Amino acid sequence: CGAGWNPGQRGDLLICDEPDQNRKAPDPSAFRAGVEHLLSAITLPEGVKPGIALMRYSWASYNPRRLTTQWFPQVDGLTLSIHVYGASTWRTPAQELDDVLADLPASWTWGIGETNAAEDPTDPARKARYLTDLADYTYAHGGRFFLPFGAPSAPEEENREINTSP
């Protein structure tokens, strides 16, 4: 692992994207075992942290498969990439994240790996406020990254303010 990785460059290797949203309904214990096995079998380059990506939906009270921490592998130092979509619910950042962060193991780091929201035709600035408030909350509560989904790409130097904590 790490062929072609620039020495000294930090990053996260995310293992599986949203297993909690997979329509085939995978078993969380099989996911955990797979992540734990993979990480015991590889050596990551210096500065690269292993991580997983889960939907905030896993913590939603209306989710019929509300499995929350059942997805968490027993791995110290993991990064959790939380995917948060405001759609048209317009929940506050605390409503979106407090229950997730309360479950986060102490040795883990986290960030928002995907987020977006619907446009509100009655309030053109609402989406921008939602994303700004969510980014501010993320960094104020120890999040390492905030990545709006579908944001235009730019050279890395120009994107640095969005992609890494201040």
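Above this text sits the structure in question.
Residues numbered from 1 in each chain as written. Predicted model: local features only at pLDDT ≥ 70, side-chain atom pairs only at ≥ 80, totals over all residues. Heavy atoms only, no water.

(A) Looking closely at the packing of helix α2 (residues 93-103) against helix α3 (residues 126-140). One way to put it is that α2 packs onto α3 with a least axis distance of 10 Å and a crossing angle of 35 degrees. Between α2 and α3 lies a crossing whose hand is right-handed. Residue-level inspection shows Pro93, Ala94, Glu96, Leu97, Asp98 and Leu101 of α2 in contact with α3, the latter providing Tyr130, Asp133, Leu134, Tyr137 and Thr138. Counted by class, the contact of α2 with α3 contains 7 nonpolar, 1 polar and 3 charged residues. (Axes fitted to C-alpha atoms, helices over the stretch in contact; angles between N-to-C directions. Helix = DSSP H or I, 4+ residues; strand = E, 2+ residues; numbered from the N terminus. Left-handed = near helix turned anticlockwise from the far one by under 90°. Contact = heavy atoms within 4.5 Å. Nonpolar A, V, L, I, M, F, W, Y, C, P; charged D, E, K, R; others polar.)

(B) View of the packing of aromatic side chains. This structure, assessed with the given rule, holds 3 aromatic pairs. Considering the side-chain rings of Phe31 and Trp71, the 5.7 Å spacing of their centres and the 70 degrees angle between planes classify their relative orientation as edge-to-face. You can see Phe31 sitting in helix α1 (residues 28-41) and its partner Trp71 sitting in the loop between β2 (48-55) and β3 (79-87), a full 40 residues away along the chain. The exposure class assigned to Trp71 is buried, which follows from its relative accessible area of 1%. A connected cluster of aromatic rings, assembled from ring pairs, spans Trp59, Phe72 and Trp108. (Phe/Tyr/Trp six-rings, centres within 6.5 Å; stacked < 30°, edge-to-face > 60°. Buried < 20%, exposed > 50% of the residue type's maximum accessible area, 1.4 Å probe, protein only.)

(C) Representation of the pattern of salt bridges within the structure. For the structure on display, the rule yields 7 salt bridges. Notably, a salt bridge pairs Arg144 with Asp12, separated by 3.2 Å at the nearest N-O pair. With Arg144 in the loop between α3 and β5 (146-148) and Asp12 in strand β1 (residues 11-17), this pair connects stretches of sequence that are 132 residues apart. We classify Arg144 as buried; its relative accessible area is 17%. The partly exposed category is assigned to Asp12, whose relative accessible area is 28%. We note a salt bridge from Arg56 to Asp99, for which the minimum N-O separation is 3.2 Å. Of this pair, Arg56 sits in the loop between β2 and β3 while Asp99 is found in helix α2, placing the two residues 43 residues apart along the sequence. A relative accessible area of 8% places Arg56 in the buried class. With a relative accessible area of 26%, Asp99 lands in the partly exposed category. One network of salt bridges, in which partners are shared, links Arg56, Arg91, Glu96 and Asp99. (Salt bridge = Lys/Arg side-chain N within 4 Å of Asp/Glu carboxyl O.)

(D) Seen up close, α2. Residues of α2 that are buried: Pro93, Glu96, Leu97 and Val100. Along α2, the residues classed as buried sweep out an arc of 85 degrees about the axis, all on the same side. (Arc of directions from axis to C-beta.)

(E) Fine view of the nonpolar core. Residues Ile52, Leu80, Ile82 and Leu97 are the most contacted members of the largest nonpolar core, which totals 29 residues. Counting residues per element, the ones that place at least two in this core are α1, β2, β3, α2, β4 (109-117) and α3. Looking at this core, the element that brings in the most residues is α3, giving 5 residues. In contact with Leu80, other than residues within four places in its own chain, are Ile52, Leu54, Phe72, Val100, Leu104, Trp108, Thr109, Trp110, Gly111 and Phe145. (Core = buried A, V, L, I, M, F, W, Y, C linked by side-chain atoms within 4.5 Å.)

(F) Quick peek at the pairing of β4. In terms of residue burial, β4 counts as a mostly covered element, since 8 of its 9 residues are buried. Relative to β5, β4 runs parallel, the two sharing 2 bridges. When the sheet's bridge partners are listed, Thr115 is paired in β5 with Pro148. (Pairing = 2+ DSSP bridges.)

(G) Local environment of the side chain of Arg144. A distance of 3.2 Å separates the side chain of Arg144 from the side chain of Asp12, its partner in a polar contact. Within the local environment of Arg144, its side chain forms a polar contact with the side chain of Thr109, the two groups lying 3.3 Å apart. (Polar contact = N/O pair within 3.5 Å; in protein donor to acceptor, adjacent residues only side chain to side chain.)

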